[in-house]
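Take a look at the letters that make up each chain.
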Amino acid sequence: MAVYCDYLLDHGVHNPFNFLLAGHERYALVAVGCEGRTPAGQVLGAVSIYTEEGHSLDSASIQRSSPPTLMSWHSTQRLLAVAWKSGEITLYNHDDEALIETALIHPEGAMVILLWNASGTRLISGDEGGDVAVWHLDSHGRIAGTGKLPSFQHSFESLSCGVLQSSINADSSDVKISELARRAVEGDEAALDLFLMRQRVSNATARRAESPRAIKKRRTSSHTGRFSFFVGTPRGGVFYASSTNDVYRIAELDSGVHSLFFFSQKSMLIAISETQSLTKMTMGLDGHVGDSSTFKLSFPLFPTVILWTVPGALAFCAKEESLRVWDFNEDDGYHVECPENTSKVYGMAFNGNHAVTRGVLVGGTASGHLLRWWYSKPSKSPRSASSADYEPSNAWESLDMTQLDHPIEEVVCMGSRNIFAYLHNNAVTILKQGNMSAYFGGQTCAVQVSSSRVLVENFEKGSVKELRTDIHITGIHVSDQNLLVWNWRKLVVYSIGNDGSFRAAGSFDIQGALLSLYKQTVLVAQGREVRMASYTGMTKQTLVLPESEGECDALTVSEPYVIVGTSGGYIRVFDSSRREARSIRSCNVWQSVPDVGPLYSIQCNSNCTCVSFQFTRLNSDVPDCRLFVWDFESDDIHVMDFESLTTGQVDSGDLSPPLSNASEEARQLASDRCPISHFWDKKEPKLLVCECAGVRRDVSGLSSGEVSPRSSAPASKVDVAGVVMFFTGEHGFLLQDCFVIEKNYTGLLGLNVPYIYFSKKQSTSDDGGASGSTGETSSKSVVARVLLRDFSELDDASRANESTRRALLDFSFHLALGNLDEAFGKVRKVKSKDIWTNLAKMCVKRQRLDVATVCLGNMGNCGALRALRLEKEKHKEPEVHLALVALHLDMHDEAKELYRSCGRFDLLNEFCQCSNEWDEAEHVAQQSDRIHLRNTHYSHAKQLEAEGDIPDAAAYFERADTHHRDVPRMLVDKPTDLEEYVGRTGDPVLFSYWGSYLESLNEMETALQFYNEYNDIMGQVRVLCYMEKYREASELANHSGDKAAFYHLARQYELMQMASQSVEYYSKALAFTNAISVAKENQLDGDLMGLALRSSKDDMLDVAQYFEGVNIVDKAVILYQKGGDVAKALELSFRTKEFSALESIADDLDENTNPEILVSCAEFFISHGQHERAVPILVSAKKYLEAMDISLTHKVPITVEMAEKMTLPKSDDPAEMEHRNSILEKVAMCAEEHGQYQLACKKFTQGGMHVNAMKALIKSGDVEKICFFANANRRRDLYVMAANWLHLQDWRNDAVIMKQIVTMYTKGKALDSLAAFYESCAQLEVDDFRNYNKALAALKEAQKYLAKAKQKSTSAAIESQSAFLETRISLIEKFVKAKELFKSEPTEAVRLCRELLEEGDVETAMRIGDIYAVMVDHYAQQGDAKQAYALMQELRQQAPDVNMAYFIPMSIIESVHRALGVPLGRGRGAEEVDGGTGGADTAQADELVDDDDEEDDIAVEL
């Protein structure tokens, strides 16, 4: 809360009048000029300069014999220019305390122009006579040049005002600071102006990107040195003037120019005339006018003050109850309204705080109110804002309103802080705003309510006492017995009596020190010393800080410790428990936390184990967003970053979200904030509270009270929030709660469990009364106590109980750590039902269902526990379960939030309905539960109907789309209201209802009109029939096709005994049952069949009985069949010998038909020789054996479907299984008989007859299926059977079959058969391919498998076969060896061949022709034709019938005969070749004898 101190200024002039006020833009200085009279009656003009506390600067008191007319401060220096009516211009430099006189060039008269450029190097002066001068000043404020003459002069006809033109856009971001500095050093005046302007705005706003318009209008380097301005004349002329002596008229107004303004961002000149016309002109670089426009201002009185506020916004003060602002950015105007109970605004000033997007507008009213508005630039411009209701005036937020004792005539700002000087009743007062001083001492709290008033409140006694002092208070400290107040020059100590009275205990002078009260000692921290003094100023002890640590910046006390923060970034702790205080520890916090500013605040917990502190940001007065705690035990510094809501140790640098038992909403509220104050609990050493502002709010104004108004909206980041935390050295920061601080609370005072203490606004302000009064006047309290969340539901007795408070604090602390066992252990002894109820509510808020369940048990709320158990069975969401607990605890708002958080809007809707909150229920249904929207409207309508609110009920029935039924029901006893409602809505359904109502009243014509108007065909037909207009009714029904109309007409025709028409219209209405009934009654047999077939099965059977009764058998049979009574159809067919119908019925017979009927039907087909139709029917009748007999006898094939029907299910009964297998065997035999081998195989297999199955499959000849079947059954006998059958196939030409044979014999363990197969392969190689090598390999394989067979069986056959095989192998080996020796040892080879020929059983292993052929080939190659011929002759003798060409190539035979001259013969030996048979034999020989390279390789490989 802001506190204002007022200082009435002493001018030193007798009866002053005609005041002039000029406040410095940067420094807290104000120049006051006035006119007075000397005792002799002579005119006296005086100008004085005052500080913020109203002290006059003696060296700055200037007096002249003429009054001052204008005053203007230098923008950056403490340099004041004063223009006097005599034409003099005086400069006062406060830094040098020098008074400078300029040359007298202006004649006597009023000065109208006195302007500084931005850098302060130029001063422009102009008088009403038209003389303008530009003065060049150096850095010390002295006139440059000789004779103190101006650097530029020009005379106009007259002058009324003037304004400077900025040559470079101050917001241009493309010009670097370094470039501006370089150009300024080189003498560029415009660059120097911009450089200083940039300095002024650098700490308040970020650089902004240059707009396209600014880029377009960027100044070129050739114009950077220009200096130009504009002046206006009383006759309406506007002139441009520059430093290059360019002067020309640029505009002419309709009347005299009152004031000129220049908007640099748009290079726009604004001229306001005496007749309230505003002309805006876009200016070029050389003063040429571009676009211009003029519009009329509508003020009742001409504005007394016109000034720039934020860029582009020109404010007008015209003695109205509001201020007007014209925004040249948006080219629109608006009003800034004053608060209620204020009068007209007379004075206005703007404190821009060197910022371009924010500032404070100050206004003074005739009723003595000082008004302030804070400007915050909106995120979107009015034209781009999404809301159509956007108001530009909303950017001006009203701050506090101060009531003063005098009407305010004029007001000016002093510097960037909230210090104002205002004129009232020919007097000037400085009003200085400061922070409210307050101190919370546990049970006693002192709050400053005005500059010299303090309210002291004792919470234990419940008393509030007021103290009025004779000093302007800047600081307060209070204990239970003493109160310390001070300002920068003096401190006063008061003792507080038991009755709350105050008595001065001592005082002494100080000089800008930090103070605190400790027992009977006053601590005064100044420089590097902390002086411990008595109440009268006697020094008890002086604590001196090391020089390296700097001076004292912060001071706090936690008995018996004194903690000092220094400007060098140190925190030092002193122990004063003994006679002499001593330093016990210190810490260089700047070393651990770099890149921060000075200490902002410092606090210590109750047992002095932790010190918390906060810095300002580097090169700024804004507090840092981090809070630090130095833990003495571990000597670690912990940090809590509120902007990111993370915590951790500073040294580790690893920050993470803090542990918390707060809700998610509270955690979100605590983030993105900046702490502005914090306090530890007075008793609990680990509990502290912080007051935090949103980081988007400019918190630099906090030190001067510029806190934006607090709002109660829970999610707004611009609100000020309170954050409650635990801190321990072991666990760091633990977030306990976060809440929005109410708007009327002005600051945090302290924490003392179970309350948090805040200062609040006073309803009235009264600063009257005598100074120094210490009476017992009681005032209204300005301290508010807010319960901690954990204690909010407890009664006063429970809050006062120390054990209960301790238990709840420990419970909350351990709950934040997640230690549920520890948490419950702390509250286990608490037996109060109220406490457990409140703990349950806490658990609901923190969403701890497990803890809430235990609390319900301790409360004894069995109903809630049972409901919770049932709810868990119905819904899985834990939020739903928590919402149920909240409902049992009457926490309706929390229940709604829980339903909303888990997305169960249906339950939220239902709850709102039960709570009679229909608006919210409908909103929920509309936005998130649309599936129940109509149901919600209907329930609301029923509720309104029960309450008797008929119109609203009807409206909600309409929304529920049930008004067609419910509104007539509701208004059935009010026909007049119902008729009015029907006529008003114009609903066709309701009009039809109203027509029915009129019809019931026998008003047929009127009813017909209603039906006709809203196209109710049924109603029209009904009325027409009643009026006996059947023809019109029939035409209408036929034209519309309305089934209800058809039915009504049919019913009427039936009553009229018009059967044909009745049947026709019943059929059109699809009421076939009715049509059939009428047709039967009237013997319309021709229509019955068609009607029955279109109707249901019941109607078909009914008509079939009718046809049977009238002996129309064929139609009866068909209808019985179509109706599903096949037995009846068969019976009727047999009885009437309808064979054609019987055949059609047979197609629909299945196993569900009566077996007797099936047998009868089968016998019928057998008797007529249709056995192929009888067999399926017998199968359906389960006469399987009879069906098989007929199939075998009459060669009727068995289908797969029939076979499957005859496959009985398996059973555990052996007799049933035997019966099943016998049927399967019969089915398989029948299928095999008809060539269905695969089906036979399947049924044999299902019957367990695998051998028969293989035999049936072998008959099919399918190699793939045979092999698959053998492999699938894995039986040896089946493998052998498959191999034996494959052995009979063309395995010689199919390698796949050969491999399958080997595989099957191997798997079947038939090794002797496998050996025999290899012998067959060997014989094939010898006979067909004469490849004895491969034959030998095959025989060896046979020998290997035969040896294995001998191991399992010692039969004589195997022994004989083995001996025979060995003989064959030895003979073939000798022959193969002989063939190989012909290349190296031919003699030995011939000998071996002779030995083979001499063997008696050589032909069991090979052919002798192959032996002779080898020898003949050898001798032929050696050229021994004679020996070769002898061998051929020997072969003929050994085998007379041999075909010589089969063994010996014909070429060799011919060459041998040719060599010996022996002619070839004509026999089988091809001795002679002629044109007869020999040619054919030769061709045959060539065909049979192939080269070895062309032989087919069929060697057996395993």
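Definitions and cut-offs
- Residues numbered from 1 in each chain as written.
- Predicted model: local features only at pLDDT ≥ 70, side-chain atom pairs only at ≥ 80, totals over all residues.
- Heavy atoms only, no water.
- Pairing = 2+ DSSP bridges.
- Helix = DSSP H or I, 4+ residues; strand = E, 2+ residues; numbered from the N terminus.
- Axes fitted to C-alpha atoms, helices over the stretch in contact; angles between N-to-C directions.
- Contact = heavy atoms within 4.5 Å.
- Buried < 20%, exposed > 50% of the residue type's maximum accessible area, 1.4 Å probe, protein only.
- Salt bridge = Lys/Arg side-chain N within 4 Å of Asp/Glu carboxyl O.
- Phe/Tyr/Trp six-rings, centres within 6.5 Å; stacked < 30°, edge-to-face > 60°.
- Lys NZ or Arg CZ within 6 Å of the ring centre and 35° of its normal.
- Patch = residues over 30% accessible without salt bridge, like charges linked within 9 Å, V, L, I, M, F, W, Y side chains within 5 Å.
- Areas by Shrake-Rupley, 256 points an atom, 1.4 Å probe, with all protein chains shown as cover.
- Lys, Arg positive; Asp, Glu negative; His and termini not counted.
- Charge placed at Lys NZ, Arg CZ, Asp CG, Glu CD.

Trainee: Where do I start with the sheet that holds strand β46 (residues 561-566) in this structure?
Mentor: By way of backbone hydrogen bonds, the strands of a sheet pair with one another, either parallel or antiparallel. Strand order in the open sheet formed by four strands is β45-β46-β47-β48, and the pairing between neighbours is antiparallel. The open sheet has two edge strands with one neighbour each: β45 (552-558) and β48 (582-588). Going across the sheet, the axis of each strand differs from the next one's by a mean of 20°, ignoring polarity. With six bridges connecting them, β45 and β46 associate as antiparallel partners. By the bridge assignment for β46, Ala 554 is matched with Gly 565.

Trainee: Looking at this structure, I do not really get the environment of Ile 1372. What am I missing?
Mentor: Note that Ile 1372 resides in helix α44 (residues 1356-1381). With 36 residues separating them in the primary sequence, Ile 1372 and Leu 1336 have C-alpha atoms 6.6 Å apart. Among all residues touching Ile 1372, those that are not within four sequence positions of it are Tyr 1332, Leu 1336, Leu 1339, Ala 1405 and Met 1406.

Trainee: It is not clear to me how unusual backbone geometry should be interpreted in this structure. Could you clarify?
Mentor: With the exception of glycine, most residues fall at negative phi, and the peptide bonds are largely trans. Of the consecutive residues Glu 559 and Pro 560, the connecting peptide bond is found in the cis state with omega at 5°. With respect to the secondary-structure elements, Pro 560 resides in the loop between β45 and β46. Val 753 connects to Pro 754 through a cis peptide bond whose omega is 15°. Inspection of the secondary structure puts Pro 754 in the loop between β59 (745-752) and β60 (755-760). With phi around 55°, Glu 97 is a residue other than glycine that occupies positive phi space. Position of Glu 97 among the secondary structure elements: in the loop between β8 (89-93) and β9 (98-101). Overall, Glu 97 belongs to the exposed group, its relative accessible area being 52%. With phi around 55°, Lys 319 is a residue other than glycine that occupies positive phi space. Looking at where Lys 319 falls in the secondary structure, it is placed in the loop between β23 (313-317) and β24 (322-327).

Trainee: Looking at this model, I keep getting lost on the pattern of salt bridges. Mind explaining?
Mentor: Note that side chains of opposite charge can pair when their charged atoms are close. According to the stated counting rule, one finds 42 salt bridges in the structure shown. One salt bridge connects Glu 945 with Arg 969, and the closest N-O pair in it is separated by 3.0 Å. With a gap of 24 residues between them, Glu 945 in helix α16 (residues 933-946) and Arg 969 in helix α18 (residues 963-970) connect regions that are remote in the sequence. Residue Glu 1395 is joined to Lys 1374 by a salt bridge in which the shortest nitrogen-to-oxygen separation is 3.7 Å.

Trainee: It is not clear to me how the pairing of strand β22 (residues 305-308) should be interpreted in this structure. Could you clarify?
Mentor: On a regular strand, each side chain points to the face opposite its neighbour's, so the side chains alternate between the two faces of the sheet. The pairing of β22 with β23 spans four bridges and is classified as antiparallel. Along β23, the bridge assignment pairs Ile 306 with Phe 316.

Trainee: How do you make sense of the packing of aromatic side chains when you look at a structure like this?
Mentor: The geometry of two aromatic rings is summed up by the distance between their centres and the angle between their planes. Counting across every chain of the model gives 31 aromatic pairs. Note on Trp 630 and Phe 632: the rings are 4.8 Å apart at their centroids and 75° apart in plane angle, and the pair reads as edge-to-face. The pair Trp 630 / Phe 632 is uniform in exposure class, with both members buried. Among the aromatic residues, those joined into a ring-pair cluster are Phe 230, Tyr 240, Tyr 248 and Phe 262. Taking NZ or CZ as reference, Arg 585 lies 4.3 Å from the ring centre of Phe 632, over its face. The ring of Phe 813 carries the charged tip of Lys 686 above its face, separated from the ring centre by 5.2 Å.

Trainee: Could you clarify how one ought to interpret a positive patch on the surface in this entry?
Mentor: On the surface, Arg 1276, Lys 1309, Lys 1348 and Lys 1352 cluster together to form a positively charged patch. Tracing the sequence through the fold places Arg 1276 in helix α40 (residues 1276-1287). Residue classification places Arg 1276 among the exposed residues on the basis of a relative accessible area of 53%.

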